[in-house]
Structure formats: C-alpha cells, structure tokens
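# Observations on the model geometry
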Amino acid sequence: MNHNPDKSSSFKSGDHDHKNSVPRTESLKSSKEKDPAAADKNETNEQRGEAKEAEIKYTLEKAWEDIQHFLSGEEGLEIPDIIDKYLDLVEHKVSRLEVPEKSKGCPVPDPEDDGWFHKVVEQMSKLHRHVSTVFKSDSNRGPLINRIGRIHQRVMSYLEDEFRVLLEESRTVEAAADQSPDAGQDQAKEEPNFPGYSKQVLATLNKISKLMISGGYEFECYEVYMVTRRHTIEETLNKLGFEKISLDDIQRMQWEAMEREIPPWVRAFKECANIYFSAEHKLAQTIFSDNPSIAKSLFANLIRVLFLQLLNFAEAVALSKRSTEKLFKFLDIYETLQDHSSAIDSLFPEECAKELKAELTATRSKIGETAICIFCDLENSIKSDTGRTPVPGGAVHPLTRYTMNYLKYACDEYKDTLEQVFKEHSTSKPRDYQGNSQSNNDENQSPFSRHLIKIMDLLDSILEAKSKLYKDVALSNIFMMNNGRYILQKIKGSPEIHQAMGDNRYKKRSYELRNYHQSYKRETWMKLLDCLNMEGLNVNGKVVKPALKERFKSFNAKFEEIHRTQSSWVVSDKQMQSELRVSIAGVIIPAYRSFLGRFSGYLTPGRQTEKYIKFQPEDIEAYIEGLFDGSTSSMPRRKA
C-alpha cells in the first residue's frame, strides 16, 4: 500500500487529486495563456502545498529524533512539548489518507515511496508503548496518553486495511500479470500460480505483520489473515468444482447428485495435498518470518478447518445407502485418502498432524469397510436373482454379464486397492474350501482373491439352478456352455482375474465347458445316430426294406425336429458356435454318408427315393451351419 498521498492512486490528497490531473508544467502553461494572474496564483498555491509537505516531512523526522531522546531516558521523566507538535503533524498527515477500497484494486507500493506511513506506525507504537508503561499511574498524563492511544489506533486501523487489501487483491493482480503473454510459459507449466503474490507484495505483507504484532495488534493481524486466506482457498476450490456442502445436505442427496460431487472432491483433495497446503505453509512462513511458531499455528488452524471439511464430505458419502454401483466411487475416495496422507506429516505441527492423521485414518477405514460391504453385497444381488423364466434360446444370462463385467472392471481398474482394502479392513475369516481340489493353494490366496472366487462359485451354482428351468436337457447344456464360455472369455481378457483365480481353476472351468459340449451332443446327435444303426436291417443276408424305410423316415423326422427346435437356440460366441457346428458335422455327416451310400440302392428310384431320402450329406451340412444363430426360419425343402 502506498501511503504517500502525492504518489498513490488509492489515497487522495485533500488539496488535489492526481488521478485526473495533467502534468504540472503543462497545466501551468495552459493557465498562463488564458489568465496569467490566475496561473501565477495557482502556481503559488502549488508551491506552498509542496513546501508544506516538505516541512511536514522534515518536521516529522526532526520531531521524532527529539522524541527518541525522551524514549531513551535522556530527557528524564518530563514529556517534551515536541510530542504534541509531533502528534499534530501525524494527525495532519494521516487525515489526508483514505481507506483503500476493494473496488479500486490493490495499491501496489510505489518504488519511489519513502515508506513514511510505515515509519509513523512504528514510531507511534514505540511512543504508545512507552508512555502507557511509564506514565500508567500518572493521572495528569491521562489526556496525552489517551490522545496517543487514539492516534495509534487510527494508524493501526489504516494498516489493518492495507493488510487486508493486499491479501485480497494483490493475488488477483499478480495472477493476471503472470498469465500475460510476456510471462514465461515454461515457468507457468512448472509451478501453479498459487497463492500468486509477487516478492514485492510479500515483503510488504511481512513488514505489516511485524508492525501490527509489535504494535499490540496481533489478534487483528491474525484474524485478517485467517479470514482472507480462508475465503481465497474456498474460492480456489470452487473453481475446481468443489463447493462447501453441509453434512446434512450431503446425506439428503440422491446418489446421482452425490456421484457428480465426488470427482471434484477428488480433484480438490489432490490439489490441496499436492499444491495448496504446501503453498499456504510457505506463505505463512514468509509473511510471519519473525514468528515461526505463529506461522505454523496460523497455517494449522487455517488448513485444519479445510481439511476436516474435505473429510466430512467423504464421511457423508460413507454413510449413504449401500448399492453395488457405488463401489468404484468409494474406491476413488479411498485411493485419494490413501495416496495423499503423507502431506500431513511434513506440514502440520506434531499434535495437529496426529489429530488430522487420526481423522483421516478413521475416514479411510469407514470408506474401506463400506467398500467391502458393497462388494459383498454383490453376493446378495446374485442370490436375489430368483427369476423362474429361462433365457430364450439358452443365451448368456444377464446376471452373468453383469457379474463378470463388474468383476472385470473391479480387477482391471482397482485390484491393488481392493487387495489393500480387504487386507486392512476385512473382519471376516477366510473361506473354508475343504474338499476342493485347490484347497492346498487357497491358504496362499489373498482375502480379496478368496472373496472373488467365492462370488464366482456362487454364480456357478445359481446358473446351474437356472439351467434346470429348461425342459430340454440339450438346451440346458447350451445354456451352461454359453455362460461358461462367457465367463472364461472374461477371465482370459483380464490377467488380474486370472491371477486371482489361478491356473487350476481356469483349467477346471475349461474342462467343465467341454463336458457340457459332450453332454449336449450325447443328448441330441448321438440319439440321431441310432437311426443309422445297421442292426436288424439284414436278415439271412437280405436287406429288410420295411425296416430300412423306417430307419430313413425316423432319421428324417428326428433331424427335422432337431433343426426346427435348435434353429432358435443361441450360441453367442462365434468361435464356440463354429466349433460346435464342426463337431456336430463331424459326428453326423460321415455316418449319414456311409449309411446312404450303403443302403440307398435298395430303394426303388423315383418316388420311393424321394419319399425316404430327403437329405443329401451336403444338405445336412448346410442345415447344421444354420443352427445357433437364433433364427426361427423353417427348414427349406430339398432341391431335386
């Protein structure tokens, strides 16, 4: 702040206003051309004003020199008359100051300013301290002591205003300057512009803090600092999207609204831990460099409130109603608290750091415990799927898709965090897998991996139960193949899930999938092969035509029924679909070609042949290729 009324744009002189004035020589020249007499008069007034200012400046300095002899005890206990003269000069000088207004912008100190106001503040503090101590019980000195006190209070009030304006406004001014085209871009990238004060402003703030503290106005100094910095930090966090929300308001929020607040909270917490806390710590140390303990205390009290405000948000989220879709936002919060807890130890005083560390640990534990509960709730959501309507065509069940995608995302994005959460915050005992072929390996599994396996085993049992809803055993096998294949593909696509399960369980699932494949063929196509059995077709070396015709009729009917039924069945995985078709064709087509080649000649060509031999081997192959795509089209008639 510039307290020289002739040089500052923020403090107006009572005689004239320099903000709207033109250079003095040009003003005089213009006046003389219009009215020489008036010009001479104006010049005389200006010269008198300048002379008066010089006299005040000189007299203040000279008067203070004389007063210093009194303060040092050289003049005895008599109060010299020069004190009244000095006080008159101070009042005259200070009366011409105006309280700086925020709308005018921050007054940046003028490099040519001789710092008279700060000198006067320091002098008044010394004088007030001396007379208040030495003449405290002298009632005759009461009026003078009171006058010194009033003037001292007045200059301190101006000083407090200067402190506030510099804290509030210089940051904005300097930030704008730093972002100008002339500012170094490399420097801007390396260091965020926070808190944004220039060295010159910091030096002034440091000087003011010393003056206010030495003058007995430490409370006002601390209060101004705390209030202005708190507002500045809150404004900065608001720009990041995080606004102060009460605990009650957070708890009343719908999840959709709360979910939108979490990413800004994460960003704000990271920025505070990585930038703002250390910057605020350095700022307090700079402004209150002569009082390190005060700087530490002010910083701790200021940031403690903000830190607890951030933790309150996390705690409120932890208290919200649990549901599986909230897990990943909870883990985002947990990771944020975990990764940035070290910032507390290096910045806060020991007792404060201990308190905040305990608060953070408690909040992190609540988030971690709730995350485990949410993950465990996935079991309940699986168990609660008691629908009795089978999925059309034996396709992948929605429960399988939801569970496996949920687990895959959890493992791919948060496996390390989930491992830590279950290790540190789980209170459940490891699952007993006695009787399982992998039981020897389970004791080496982490708590999270054991729970992951538990969920997948539960899913298997639910799918097994749902497969029984199909009246057709073959379709039941298709359903288990589809779901088993989907699960294997998700495991294969996620190294984290594969690692958690282990190779043995993966191989076991692959083996079970092959069993479902074989069971399906046994229930469908192996029964069809019974129609191509040659037993009973030869009697005494002759082919029994009626029996042969019945075999062809039976084969045609069963194949048409299989095609009609299974054309609407679905095999979602294209590779498995192809493998299944090839496997069926490998069983049926060679057997049918052999049977046809051996016995077709025993049927009379023409009408008999067309009646009993409806399919050629290539027709069978084409129809098999049309299976498992969910189509309900009927079998085309054989071409002649």
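Residues numbered from 1 in each chain as written. Predicted model: local features only at pLDDT ≥ 70, side-chain atom pairs only at ≥ 80, totals over all residues. Heavy atoms only, no water.

### Considerations on the overall build of the protein
Scanning the protein from terminus to terminus reveals 24 helices and two strands. The 640 residues of the protein split such that 46% are buried. Within the protein, contacts between residues separated by at least 24 positions form 79% of all contacts whose residues are at least 6 apart in sequence. (Helix = DSSP H or I, 4+ residues; strand = E, 2+ residues; numbered from the N terminus. Buried < 20%, exposed > 50% of the residue type's maximum accessible area, 1.4 Å probe, protein only. Contact = heavy atoms within 4.5 Å.)

### Some thoughts on the nonpolar core
The nonpolar side chains of a soluble globular protein tend to be buried with one another. Judged by nonpolar contacts, the single largest core of 174 residues is most densely connected at Tyr 86, Phe 163, Trp 265, Phe 288, Phe 348 and Tyr 520. Ranked by the residues each element gives to this core, the list is headed by helix H11 (residues 292–318), at 16 residues. Beyond its immediate stretch of four places on either side in the chain, Tyr 86 contacts Leu 60, Ala 63, Trp 64, Ile 67, Val 120, Gln 123, Met 124 and Leu 127. (Core = buried A, V, L, I, M, F, W, Y, C linked by side-chain atoms within 4.5 Å.)

### Things to note about empty space enclosed by the protein
Applying the stated criterion across every chain yields a total of three cavities of 30 Å³ or more. By volume, the largest cavity is sized at about 50 Å³. Together, Arg 230, Ile 233, Glu 234, Leu 302, Val 305, Leu 306 and Gln 309 line the largest cavity. Listed by contribution, the elements that provide at least two residues to the lining of the largest cavity are helix H8 (218–239) and H11. The biggest single contributor to the lining of the largest cavity is H11, with four residues. The residue inventory of the lining of the largest cavity, partitioned by class, reads four nonpolar, one polar and two charged. (1 Å grid on protein atoms, 1.4 Å probe; cavity = no way out; pocket = protein on both sides within 12 Å on 5 of 7 lines; lining within 4 Å. Points joined across faces, edges and corners; volume = space filled by probe spheres on them. Nonpolar A, V, L, I, M, F, W, Y, C, P; charged D, E, K, R; others polar.)

### Regarding the packing of aromatic side chains
Tallied over the full model, the rule gives 30 aromatic pairs. Residues Phe 242 and Phe 313 carry aromatic rings whose centres are separated by 6.0 Å and whose planes lie at 90° to one another, so their mutual orientation is edge-to-face. Of this pair, Phe 242 sits in the loop between H8 and helix H9 (247–252) while Phe 313 sits in helix H11, placing them 71 residues apart in sequence. When its relative accessible area of 2% is taken as the criterion, Phe 313 is described as buried. When the centroid spacing of 6.3 Å and the interplanar angle of 40° are considered together, the rings of Phe 599 and Tyr 602 count as tilted. Among the residues examined, Phe 599 registers a relative accessible area of 1% and is labelled buried. Each member of the aromatic cluster is reached from another via a ring pair, and the members are Phe 242, Trp 265, Phe 269, Phe 277, Phe 299, Phe 307, Phe 313 and Phe 348. (Phe/Tyr/Trp six-rings, centres within 6.5 Å; stacked < 30°, edge-to-face > 60°.)

### A word on helix H22 (residues 574–599)
Between the first and last C-alpha of H22 there are 37 Å, a value that for 26 residues agrees with the 38 Å anticipated at 1.5 Å per step. Bending of H22 peaks at approximately 30° at the position of Ala 585. Capping of H22 at its N-terminal end is provided by Asp 573; its side-chain oxygen lies 3.2 Å from the backbone amide nitrogen of Gln 575. (Expected span 1.5 Å × (residues − 1). Bend = angle between axes of the 7 residues up to and from the residue. Polar contact = N/O pair within 3.5 Å; in protein donor to acceptor, adjacent residues only side chain to side chain.)

### Let's talk about the pattern of salt bridges
Counted according to the given criterion, the structure contains 23 salt bridges. When the shortest N-O distance is used, the salt bridge between Asp 385 and Lys 466 registers 3.2 Å. Of this pair, Asp 385 sits in the loop between helix H14 (350–383) and helix H15 (398–425) while Lys 466 sits in helix H17 (residues 447–467); the two residues are 81 residues apart in sequence, bridging distant segments of the chain. You can call Asp 385 partly exposed: its relative accessible area is 24%. Exposure remark for Lys 466: the relative accessible area of 7% places this residue in the buried category. (Salt bridge = Lys/Arg side-chain N within 4 Å of Asp/Glu carboxyl O.)

### Examining the packing of H11 against helix H12 (residues 327–339)
In the contact formed by H11 and H12, the axes pass within 11 Å of each other and the chain directions differ by 145°. Classified by chirality, the crossing of H12 by H11 is left-handed. Contacts from Leu 311, Ala 314, Val 317 and Ala 318 in H11 reach Phe 330, Ile 333 and Leu 337 in H12. Classifying every residue of the contact of H11 with H12 gives seven nonpolar, no polar and no charged. (Axes fitted to C-alpha atoms, helices over the stretch in contact; angles between N-to-C directions. Left-handed = near helix turned anticlockwise from the far one by under 90°.)

### What about the confidence of the model for the protein?
On average, residues of the protein carry a pLDDT of 80, and 77% of them reach 70 or more. The secondary structure element of the protein with the lowest average pLDDT is helix H1 (residues 24–34), at 39, and the one with the highest is helix H18 (residues 473–492), at 95. For residues 1–34, every residue scores under 50 in pLDDT, and the model assigns this stretch 61 contacts once sequence neighbours within four places are set aside. Confidence over residues 429–440 falls short of pLDDT 50; this stretch has 16 contacts with residues more than four positions distant or in other chains. (pLDDT = per-residue confidence, 0-100.)

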